[in-house]
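Here's the letter readout for the chains.
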Amino acid sequence: MRLPTPIRFLKSALADDSRVTPNPVLEDWLETQHAAAEMRVELVPFADLGEWRFTADGRLAHRSGKFFSIDGIEVGTDWGSVANWDQPIINQPEIGFLGILAKEFDGVLHFLMQAKIEPGNINGVQISPTLQATKSNYTRVHGGAAPPYLEYFLAAKPEQVLVDQLQSEQGARFLSKRNRNIIVEADGEVPASNGFCWMTLGQIKRLLRRPNVINMDTRTVISGISYGEYDEGAQSYFQLFAALFPPDSANAFELLHSFLHSGESHYTIEQLISWITHLRSRYELHVKPRPLQELRQWIVADSEIYHESRKYFRVVAAQVEIAGREVKRWSQPLIETAQEGLIAFVIKRIGGVFHFLVQAKLEPGNFDIIEFAPTVQCLTGDYRGVPAHLRPAYLDYVLAAKPGQVIFDAHQSEEGGRFYREQNRNMLVVADDDFPLECGENYRWMTLNQIKQFIRFNNYLNVQARSLLSAISFC
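Just so you know, these numbers come straight off a predicted model, no measurement behind them. (Residues numbered from 1 in each chain as written. Predicted model: local features only at pLDDT ≥ 70, side-chain atom pairs only at ≥ 80, totals over all residues. Heavy atoms only, no water.)

S.K.: So what exactly am I meant to see when it comes to the packing of helix α9 (residues 269-282) against helix α11 (residues 448-455) here?
M.R.: Angle between the axes and distance between the axes: these two values describe a pair of packed helices. α11 packs onto α9 with a crossing angle of 55° between their chain directions and a minimal axis gap of 11 Å. Looking at the two axes, α9 sits oblique to α11. Viewed along their axes, α9 and α11 form a crossing whose handedness is right-handed. Along the contact surface, α9 presents Ile269, Leu272 and Ile273, while α11 presents Gln450, Gln453 and Phe454. Split into classes, the residues belonging to the contact of α9 with α11 amount to four nonpolar, two polar and no charged. (Axes fitted to C-alpha atoms, helices over the stretch in contact; angles between N-to-C directions. Helix = DSSP H or I, 4+ residues; strand = E, 2+ residues; numbered from the N terminus. Parallel < 35°, antiparallel > 145°, perpendicular 65-115°, else oblique. Left-handed = near helix turned anticlockwise from the far one by under 90°. Contact = heavy atoms within 4.5 Å. Nonpolar A, V, L, I, M, F, W, Y, C, P; charged D, E, K, R; others polar.)

As structure tokens, this is what we get:
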């Protein structure tokens, strides 16, 4: 008899090695993929973008009308200290696939991962989902081949689907963008094609401790995985796995406890739903189109679109050549950030259970005005020399954390298909005892179990929060 799906996921998360792809073999495979990578990316003037052009209504778009466009918007809101601003934004209304194919080997779920090169990747090859494709890609608007393994997701039966969610992308950079995050369990033999490799969830999480190895799309898909739950009256499930932890893994033990614990927490689910409903009802967000050439404080030059302060980000044009892709040569715009960012959760033991300090955050591209974000989410360079009262809440606390407080600290890349060499520092910081329980209107403490409940539904957890939560491991 097959174990329940959450237990199978947890069993895979605890397996940091594999008989199918032992760690030494996995390391050799990664080295081989990096050595074989062939990519050339050249930043060029917009006039050399080929099929891309500035339209009559002031957008930068592909001649087919597909893929995505760079639009200008004017934003108005009564949230925060800035009520009105202009900016470019990526408009990609298609819902794409971020899909991982799963299969059991030796009683352990493995995931078929791809070594994928994207034009904006900071280090060439990164580990991506089995399928990572926009609708324009998998319907072959580009005239190239269909992505490998597409048929497994298009023809999946309900009983094969282990995770299936519509999740948002960066609300500051995308306009109401969502992707289908899906994990499908395959029937029968599934050979790993060139550039693909079977890994356990534990192996993926081990690689997440390294900078810029696991790409953003993989991180958002695995963040949707649930490990089940228990209450105070039925602890055998938790005790079954608690025995597997070595004595020095106290933090991992407590993180698992927070994932599985469905008992008493600082706020109830009903209180948390009421909180975000109140904020979404109270605050307004108005976004209207504005031609790129008319954006206030933004300059449209021959080879870039940038803010006059040189802060935030700029839009650049790239000619790309990558061996092994469905299309080997193309041109496209990319977003290049002006500074490295910081993404961090502050964690506190409340009632013996790890709680995460979740921020309610409004961003112009949010599908539903406000989403849950990490405690700190910012471009740190924007706040150098800024008075303390104007700096993001808890930024200084995270930056000043002692080594013993930091349980995760690694640089992770943003999605290389749209962002040019962008990475953010990702951190999990355990608060000291005197860190406050009451943190203001825009913050609430949640257990990981509560956060997982919200991830199951659309438009609650933003991609930065999901990406950081995916790094939590138990071994």
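Now that the structure has been shown, we can carry on.
S.K.: What is the right way to look at the nonpolar core in this model?
M.R.: Buried together is how nonpolar side chains tend to be arranged in soluble globular proteins. Ranked by internal contacts, the top residues of the largest apolar core, which has 102 residues, are Phe111, Ile183, Tyr227, Phe356 and Phe474. With seven residues, the single largest contributor to this core is strand β18 (residues 341-350). Apart from the residues lying within four places of it in its own chain, the contact partners of Ile183 are Phe9, Ile100, Ala102, Phe111, Gln160, Val161, Leu162, Val163, Val221 and Ile225. Counting 19 residues, the second-largest nonpolar core is a separate cluster that includes Val44, Leu49, Leu292 and Phe313. (Core = buried A, V, L, I, M, F, W, Y, C linked by side-chain atoms within 4.5 Å. Buried < 20%, exposed > 50% of the residue type's maximum accessible area, 1.4 Å probe, protein only.)

S.K.: Whenever I open this one, the pattern of salt bridges confuses me. Can you help?
M.R.: When the charged atoms of two side chains with opposite charge come close together, those side chains can pair. Using the criterion set out here, one finds 24 salt bridges in the structure. Between Arg173 and Glu422 there is a salt bridge, with its nearest N and O atoms 3.1 Å apart. Of this pair, Arg173 sits in the loop between β10 (161-168) and β11 (178-185) while Glu422 sits in the loop between β22 (406-413) and β23 (423-430); the two residues are 249 residues apart in sequence, bridging distant segments of the chain. With respect to burial, Arg173 and Glu422 carry one shared label: buried. Linked through salt bridges whose partners overlap, the residues forming this network are Glu74, Asp86, Lys288, Arg290 and Arg296. (Salt bridge = Lys/Arg side-chain N within 4 Å of Asp/Glu carboxyl O.)

S.K.: So what exactly am I meant to see when it comes to the state of the cysteines here?
M.R.: Two cysteines form a disulfide when their sulfur atoms are joined by a covalent bond. In this structure the tally under the stated criterion is zero disulfides. With no disulfide of its own, Cys378 lies closest to Cys439 among cysteine sulfurs, the gap being 17 Å. The exposure class assigned to Cys378 is buried, which follows from its relative accessible area of 11%. (Disulfide = S-S within 2.5 Å.)

S.K.: Even after reading the chapter, I still don't get the packing of helix α8 (residues 250-260) against α11, so can you show me in this structure?
M.R.: The interhelical angle for the contact between α8 and α11, taken along N-to-C directions, is 50°, at an axis separation of 5 Å. With respect to α11, the axis of α8 lies oblique. Mapping the contact onto sequence places Leu255, Ser258, Phe259 and Leu260 in α8 and Leu448, Asn449 and Lys452 in α11. When its residues are assigned to classes, the contact of α8 with α11 shows four nonpolar, two polar and one charged.

S.K.: Teacher, can you tell me more about the environment of Arg59 here?
M.R.: Residue placement: Arg59 occurs in the loop between β2 (52-54) and β3 (60-62). Each C-alpha atom of the pair Arg59 and Ile70 lies 5.8 Å from the other, and the pair is eleven residues apart in sequence. Among residues more than four places away in sequence, those in contact with Arg59 are Arg53, Phe54, Ser69, Ile70, Asp71 and Leu292. Polar contacts involving the side chain of Arg59 include one to the side chain of Asp57, which spans 3.3 Å. Side chain to side chain, Arg59 and Ser69 meet in a polar contact 3.4 Å long. (Polar contact = N/O pair within 3.5 Å; in protein donor to acceptor, adjacent residues only side chain to side chain.)

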